[in-house]
Amino acid sequence: MEFKNTLEFAQSLDAQDNLRSYRDEFIFPKINGKEVIYFTGNSLGLQPKRTKGFVDEVMKDWAELAVEGHFYAEKPWWDYHERLAEPLAKVVGALPEEVSVMNTLTVNLHLLMVSFYRPTKTRFKILCEEKAFPSDQYMFQSQVRFHGLDPDETIVEIKKRDGEHHWRTEDILEKIEELGDELSLVLIGGVNYYNGQVMDMEAITRAGKTAGANVGWDLAHAVGNVELKLHDWDADFASWCSYKYMNSGPGNASGIYVNKRHLNKKDIQRFEGWWGTKKETRFLMKPEFEPMENADAWQISNVPILSVAPYLASLTMFEEVGMNKLIDKRNTIVAYLEFILHEIDKEVDSSFEIITPKDRGCQLSVFLHGQGKSLFNYLMENGVVTDWREPNVIRLAPAPFYSSYEDMYRFGQILKAGVLAN
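Residues numbered from 1 in each chain as written. Predicted model: local features only at pLDDT ≥ 70, side-chain atom pairs only at ≥ 80, totals over all residues. Heavy atoms only, no water.

Visitor: Break down the UniProt feature "binding site: pyridoxal 5'-phosphate" (unreviewed entry) in the chain for me, citing the residues and quoting the values.
Guide: Taking the UniProt record as the reference, the feature "binding site: pyridoxal 5'-phosphate" (unreviewed entry) is found at Leu105, Thr106, Phe133, Pro134, Ser135, Asp136, Asp218, His221, Tyr243, Trp274 and Asn302. These annotated residues cover 198 residues of sequence, and their C-alpha atoms reach 31.5 Å apart at the extremes, leaving them scattered rather than at a single site. Position of Ser135 among the secondary structure elements: in helix α6 (residues 134-146). A polar contact is formed between the side chain of Ser135 and the side chain of Thr106, at a distance of 2.7 Å. For Asn302, the location among the structural elements is in the loop between β12 (254-258) and α11 (305-321). Take Asn302: its relative accessible area is 41%, and that puts it in the partly exposed class. (UniProt positions renumbered as here; feature names shortened; annotations may be inferred. Helix = DSSP H or I, 4+ residues; strand = E, 2+ residues; numbered from the N terminus. Polar contact = N/O pair within 3.5 Å; in protein donor to acceptor, adjacent residues only side chain to side chain. Buried < 20%, exposed > 50% of the residue type's maximum accessible area, 1.4 Å probe, protein only.)

Visitor: Break down the sheet that holds strand β8 (residues 155-158) for me, with residues and values.
Guide: One open sheet accounts for 7 strands, arranged β6-β12-β11-β10-β9-β7-β8; its pairing is mixed. Edge strands, defined here as strands with exactly one partner in the open sheet, are β6 (99-102) and β8. Recorded for the sheet is a direction-independent mean angle of 20 degrees between the axes of neighbouring strands. By the bridge criterion, 5 bridges tie strand β9 (residues 183-189) to strand β10 (residues 214-218) in an arrangement that is parallel. Among the inter-strand pairings, Leu185 is bridged to a residue of β10, identified as Asn214. Lying on the sheet, helix α4 (residues 82-92) is in contact with β6 and β11 (237-240); it crosses β6 at an angle near 115 degrees. Of the strands in this sheet, β9 and β10 touch helix α9 (residues 201-210), which is tilted by about 150 degrees from β10. (Pairing = 2+ DSSP bridges. Axes fitted to C-alpha atoms, helices over the stretch in contact; angles between N-to-C directions. Contact = heavy atoms within 4.5 Å.)

Visitor: Lay out the packing of aromatic side chains in plain terms, naming residues and giving numbers.
Guide: Both the distance between ring centres and the angle between the ring planes are used here to describe each pair of aromatic rings. Applying the stated criterion across every chain yields a total of 22 aromatic pairs. Geometrically, the ring pair formed by Phe39 and Phe411 is edge-to-face, given 5.0 Å between the ring centres and 75 degrees between the ring planes. Pair noted here: Phe39 is in the loop between β4 (37-38) and β5 (47-48) and Phe411 is in helix α14 (residues 405-421), with a separation of 372 residues, a long-range link. Taken as a pair, Phe39 and Phe411 share a single burial class, namely buried. If you follow Arg270 out to its NZ or CZ, it ends over the ring of Trp298, 4.5 Å from the centre. The residue whose ring lies beneath Arg282 is Trp275, and the NZ or CZ to ring-centre distance is 4.5 Å. (Phe/Tyr/Trp six-rings, centres within 6.5 Å; stacked < 30°, edge-to-face > 60°. Lys NZ or Arg CZ within 6 Å of the ring centre and 35° of its normal.)

Visitor: Give me the lowdown on the packing of helix α12 (residues 323-347) against α14, citing residues and values where you can.
Guide: Close contact between α12 and α14 brings their axes to 9 Å; oriented N to C, the two are set at 20 degrees. One finds that α12 runs roughly parallel with respect to α14. For the pair α12 and α14, the sense of crossing is right-handed. Touching Lys329, Thr332, Ile333, Tyr336, Leu337, Ile340, Leu341, Ile344 and Glu347 of α12 are Tyr405, Met408, Tyr409, Phe411, Gly412, Gln413, Leu415 and Lys416, all from α14. In terms of residue class, the contact of α12 with α14 is built from 11 nonpolar, 3 polar and 3 charged. (Parallel < 35°, antiparallel > 145°, perpendicular 65-115°, else oblique. Left-handed = near helix turned anticlockwise from the far one by under 90°. Nonpolar A, V, L, I, M, F, W, Y, C, P; charged D, E, K, R; others polar.)

Visitor: Could you give an account of the sheet that holds strand β16 (residues 387-389), with specific residues and numbers?
Guide: Taken in spatial order, the 4 strands of this open sheet run β13-β14-β17-β16, and their pairing is antiparallel. For this open sheet the edge positions go to β13 (351-354) and β16, each flanked by a neighbour on one side alone. Taken over all neighbouring pairs, the strand axes of this sheet differ in orientation by 30 degrees on average, direction set aside. As paired elements, strand β14 (residues 364-369) and strand β17 (residues 393-396) share 4 bridges and run antiparallel to each other.

Visitor: Explain the nonpolar core to me, using residue names and the numbers behind them.
Guide: Core analysis: the largest hydrophobic core is formed by 72 residues, its most contacted members being Trp217 and Trp240. A total of 10 residues in this core trace back to one element, the largest contributor, which is α11. Counting 34 residues, the second largest nonpolar core, distinct from the first, contains Val348, Val366, Leu379 and Leu415. (Core = buried A, V, L, I, M, F, W, Y, C linked by side-chain atoms within 4.5 Å.)

Visitor: Run through the domain arrangement of the chain, naming residues and quoting values.
Guide: Entries for the chain in the domain assignment read domain 1 (7-47 + 322-421) and domain 2 (79-321). Between domain 1 and domain 2, the residue contacts involve 35 residues of the former and 26 residues of the latter. Carbon and sulfur atoms supply 59% of the area that domain 1 and domain 2 bury against each other, a total of about 2,500 Å² over both sides. In this structure, the connection of domain 1 to domain 2 is made through 0 salt bridges. If you look at where domain 1 meets domain 2, you find 16 residue pairs in polar contact (both at pLDDT 80 or more). Within the residue set of the side of domain 1 that touches domain 2, elements represented by two or more residues are α12, β14 and β17. Per element, the largest residue contribution to the side of domain 1 that touches domain 2 is 5 residues, and it comes from α12. (Domains from an automatic or database assignment. Buried area = accessible area lost by both parts, 1.4 Å probe. Salt bridge = Lys/Arg side-chain N within 4 Å of Asp/Glu carboxyl O.)

As structure tokens, this is what we get:
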């Protein structure tokens, strides 16, 4: 498609957008009385309008039924989370029994590490990306110390090549082969939070499994954003948060994936609790743990219904639309945003370097050469909600559910005005 940097062209793309009606499904903050241009769905998605109805339903059942809501609510609380398994499985490319909803992301990664990081004297190393999200770094370090190991000797970081802003798949595969029998676990962010790069999860998973290691994925920036085929790739486990591209609300419930191969294994190491026991015998209060036959076996505590309700609300939209349509729009709108950046670059003295490679999802990370944080402040003050990362990177993530092509055009005009004003 031959793009144009005009309002009329942007509006023509919006007129052809078969997802355009979903923009009205979301609530936009306002600055100076106008709806913002929202680029931070990679941090916190906008609130779907239908969320309130799902939460109000739970509140009404709580008021009218109290404890009986567990069994007699319209959506009984005791199996409420099970309603999310099938739609979530479609989003992450899994079987419904391989998916569960519980806790939050780093808590779940810690719990999954109990099962899938089982170091021995000879096979103990963990492979991750350089400068992984800080929470992942802290998790790795604390897990390694828990096992009495030295993080400096145990955690191996894949580095970018000098002068490059992204990782090369061949370097990751080479490092996996080099570590060989010492490698216990590969755990990498499926989409890097800083540069927006989508890792070759299929190739990396295959290489890790060939080396005899377990392979897991932190999908915080991937779920609801890129195509995932966790079951087909044969990943051992994964976890993600739900409040970014999945629009479930701040700090909301996380999801997990556990490969079917690991279900119903009596010898698997796992931290266990009452809610992971079989439903059929749960209320017999038996002293022995009898695990659920699906990923719910990793659940420990009662599901937080008021957190899960907004997640279910959002998933109804994913069910209606499907990942293929979201990805099709994502590809076009991100390409149009890239075009706009290049066009504005021609009109101002500063230069914008996109450090996100072509293997990408919704996010473009952009170096603002010649500009400082004053430009970011200008954007925010003029209705563009974006994200600043030191030293001078802005992250732009147009979410296909609610971002419009006119947003991309208007952003370009505000960006141009901001550069000229600084």
